[in-house]
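Here is how the chains run, residue by residue.
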Amino acid sequence: MTLHSPLPSIPIAHSSPTTSGSALAELSSSHLRPPCKAPERIFLWRGVTDPPLSTINHPIIRHIADLANRASLRDTAGYGAGLRKYHLFCDIFSVPEHDRLPASFELLHSFALWAVSDPDPKDPILSAPSDIHFEPVSVGVARKYLSAVRAWHIAQGWPPPLSDSHHSRINWSLRGLENMHGGCRKPLRPPVTLAMLTALKATLILSNSFDACIWAMASCAFFGMMCFGEVSVTSRAAFRPSKHLTRAHAFFGVDMRGNPYARLDLPSAKTARTGEIQSVFLNEQGNLCPLAALHNLAQIVPALSDDPLFSWRDSKGDIRPMAKVRALEQINSILMAWGWGTTFGHSFRIGGASFYLAKKVEPEIVRIAGRWKSLAYETYIRAFEQISSQHLANAASL
């Protein structure tokens, strides 16, 4: 049994943007930064200083320039996250609005230093009581933040704020911080827990197409020990049936013990070799059951076989794949409301594995189900489909 059928008309659920910081790290309210979705921030968030004209002052030409400006970037959601982090830094260090756009080299150098710094508790200056809040990220992410600020400048009509020599100086500092932190291995992302999953389901409206999709993604990612990128896409335009799960990739069956299961055939997976199709096996799990979540999704959002497996319908009636940033915004807003903060890194994959191990499921079975590499992986995977429920079914009810 596959998971596809015609489309109905379902309303859309709107979510409030959240960030990867803690619940304490909130932006100061400003009319210069109206509430909007992350992809719109580089266009709608402004500075107090008007940029110089880049075209002749004619309404038609300026309108064409605005259209071109918006069409230059296909996926601006990541830039929105970096821009928010930049303004959070400016709020923390009381940077006035007129200095934020256009930004100086000194300000952006400072922003990069703050973004990467992970204060040592033994450092007498950094460990002293202070209102300064840190949210350390990797050097690679910090560079993406700087790219976001650069894109914001250009979108707002300003020249790029950093020269090649400025970038060289910032990279010198970032390399130094990377060397300092190199010996400190970052801990694994904290796992999503069963309590979080329960709160998520209790909050979502499963008759709503957006929420039904979120719940199916969360339940499958947790109990199937899937990377969240395997149940989502980076953007609507990025969806490819040859790369992402479609309705035709989902199958329901009954194993040799008479227990129902679902199988998701991943056309591409992070742990797979090129061209290899990996399968995720899902079993009944009580009130949090991923099989029920998939059946609910099929009922609320019927779709064709080549449509995205995890999809919802917008206000125009179009079926849309679920973008990762939208899903995490919704999930994190719910977790924050329940008191768990807004850490983007809560891992469904690690959470599912931790849950099964806590329930005394054999580590080798968890490795096979989670598609982690091991010497026995290739040997056992062919037989696993028919016995998966013996090891994994109804673990959530125990």
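Our subject is the structure that appears above.
A brief structural summary. (Residues numbered from 1 in each chain as written. Predicted model: local features only at pLDDT ≥ 70, side-chain atom pairs only at ≥ 80, totals over all residues. Heavy atoms only, no water.)

In this section: the overall build of the chain. Regarding its fold elements, the chain presents 14 helices and five strands. For the chain, the proportion of its 398 residues judged to be buried stands at 48%. Taking contacts inside the chain between residues at least 6 apart in sequence as the whole, the part at least 24 apart equals 70%. Within the structure as shown, the chain displays about 19900 Å² of accessible surface, and the carbon and sulfur contribution to it stands at 57%. (Helix = DSSP H or I, 4+ residues; strand = E, 2+ residues; numbered from the N terminus. Buried < 20%, exposed > 50% of the residue type's maximum accessible area, 1.4 Å probe, protein only. Contact = heavy atoms within 4.5 Å. Areas by Shrake-Rupley, 256 points an atom, 1.4 Å probe, with all protein chains shown as cover.)

A separate point is the layout of surface pockets. In this structure, the second largest pocket spans a volume of roughly 650 Å³. Along its surface, the second largest pocket is lined by 22 residues, and P51, R62, A155, Q156 and G157 are the ones closest to its centre. Take the lining of the second largest pocket: its biggest share by element is six residues, from helix α2 (residues 59–71). Each residue belonging to the lining of the second largest pocket can be placed in one class, and the counts come to nine nonpolar, eight polar and five charged. (1 Å grid on protein atoms, 1.4 Å probe; cavity = no way out; pocket = protein on both sides within 12 Å on 5 of 7 lines; lining within 4 Å. Points joined across faces, edges and corners; volume = space filled by probe spheres on them. Nonpolar A, V, L, I, M, F, W, Y, C, P; charged D, E, K, R; others polar.)

This brings us to helix α5 (residues 105–116). For α5, spanning twelve residues, the distance from its first C-alpha to its last is 17 Å, which sits close to the expected 16 Å at 1.5 Å a residue. Along α5, nine of the twelve residues are buried, which leaves the element largely enclosed by surrounding structure. Within the sequence span of α5, burial applies to F105, L107, L108, H109, F111, A112, W114, A115 and V116. (Expected span 1.5 Å × (residues − 1).)

What follows covers the pairing of strand β3 (residues 278–283). Across the six residues of β3, six count as buried, placing the element largely inside the fold. Of the two faces of β3, the one holding Q278, V280 and L282 and the one holding S279, F281 and N283 are both buried throughout. The pairing of strand β2 (residues 260–266) with β3 spans six bridges and is classified as antiparallel. Considered in β3, the bridge of L266 is made with Q278. (Pairing = 2+ DSSP bridges.)

Turning next to a nonpolar patch on the surface. Together, I56, I60, I61 and I64 give the surface a local cluster of nonpolar side chains, amounting to about 380 Å² of exposed area. Tracing the sequence through the fold places I64 in helix α2. On the accessibility criterion, I64 (46% relative accessible area) is partly exposed. (Patch = residues over 30% accessible without salt bridge, like charges linked within 9 Å, V, L, I, M, F, W, Y side chains within 5 Å. Salt bridge = Lys/Arg side-chain N within 4 Å of Asp/Glu carboxyl O.)

Another aspect to go through is the packing of aromatic side chains. Here the structure, examined in full by the defined rule, presents 13 aromatic pairs. When the centroid spacing of 5.5 Å and the interplanar angle of 50° are considered together, the rings of F89 and F111 count as tilted. With F89 in helix α3 (residues 77–92) and F111 in helix α5, this pair connects stretches of sequence that are 22 residues apart. F111 matches F89 in its accessibility class, with the two residues each being buried. (Phe/Tyr/Trp six-rings, centres within 6.5 Å; stacked < 30°, edge-to-face > 60°.)

So, about the side chain of H153. Examined against the element boundaries, H153 turns out to sit in helix α6 (residues 139–155). Not counting residues up to four positions away in its chain, the partners in contact with H153 are R100, L101, P102, A103, W158, P159 and P161.

This paragraph deals with the environment of R70. Positionally, R70 belongs in helix α2. Considered as a pair, R70 and A155 are 85 residues apart in the sequence and their alpha carbons are 7.7 Å apart. Setting aside residues up to four positions removed in sequence, R70 forms contacts with E40, F43 and L44.

With that settled, consider the packing of helix α9 (residues 209–223) against helix α12 (residues 348–358). Contact geometry of α9 with α12 gives a least axis separation of 6 Å together with a crossing angle of 50°. When the axes of α9 and α12 are compared, the pair comes out oblique. Along the contact surface, α9 presents A218, A221, F222 and F223, while α12 presents F348, R349, G351, G352, F355 and Y356. Split by residue class, the contact of α9 with α12 holds seven nonpolar, two polar and one charged. (Axes fitted to C-alpha atoms, helices over the stretch in contact; angles between N-to-C directions. Parallel < 35°, antiparallel > 145°, perpendicular 65-115°, else oblique.)

Ranked by internal contacts, the top residues of the largest apolar core, which has 56 residues, are M226, F228, L264, L294, F310 and F348. Of all the elements, α9 adds the most residues to this core, at twelve residues. In contact with F310, other than residues within four places in its own chain, are C213, A216, M217, C220, V231, L245, L294, L297, R320, P321 and M322. In this structure, V95, L107, V149 and A155 belong to the second largest nonpolar core, which totals 34 residues. (Core = buried A, V, L, I, M, F, W, Y, C linked by side-chain atoms within 4.5 Å.)

Okay, the sheet that holds strand β1 (residues 250–254) next. What links the strands of a sheet is backbone hydrogen bonding, and the strands pair in either a parallel or an antiparallel sense. As summarised here, the arrangement of the three strands in space is β1-β2-β3, forming an open sheet in which the pairing is antiparallel. Edge positions in the sheet fall to β1 and β3, since each of these pairs with one other strand and no more. Averaged over all pairs of adjacent strands, the angle between strand axes in this sheet comes to 25°, irrespective of strand direction.

Relative to the helices and strands, W340 is located in the loop between α11 (324–337) and α12. We classify W340 as partly exposed; its relative accessible area is 30%. Remark: the alpha-carbon pair of W340 and M196, spanning 144 residues in sequence, is separated by 8.3 Å.

Empty space among the atoms becomes visible once a probe the size of a water molecule is rolled across them. Enumeration according to the criterion identifies three cavities of 30 Å³ or more in this entry. Roughly 70 Å³ of internal volume is contained in the largest cavity. Around the largest cavity sit E230, V231, S232, V233, F239, H244, L245, P308, F310, P321 and M322, which together line it. Across the lining of the largest cavity, the residue classes tally to eight nonpolar, two polar and one charged.

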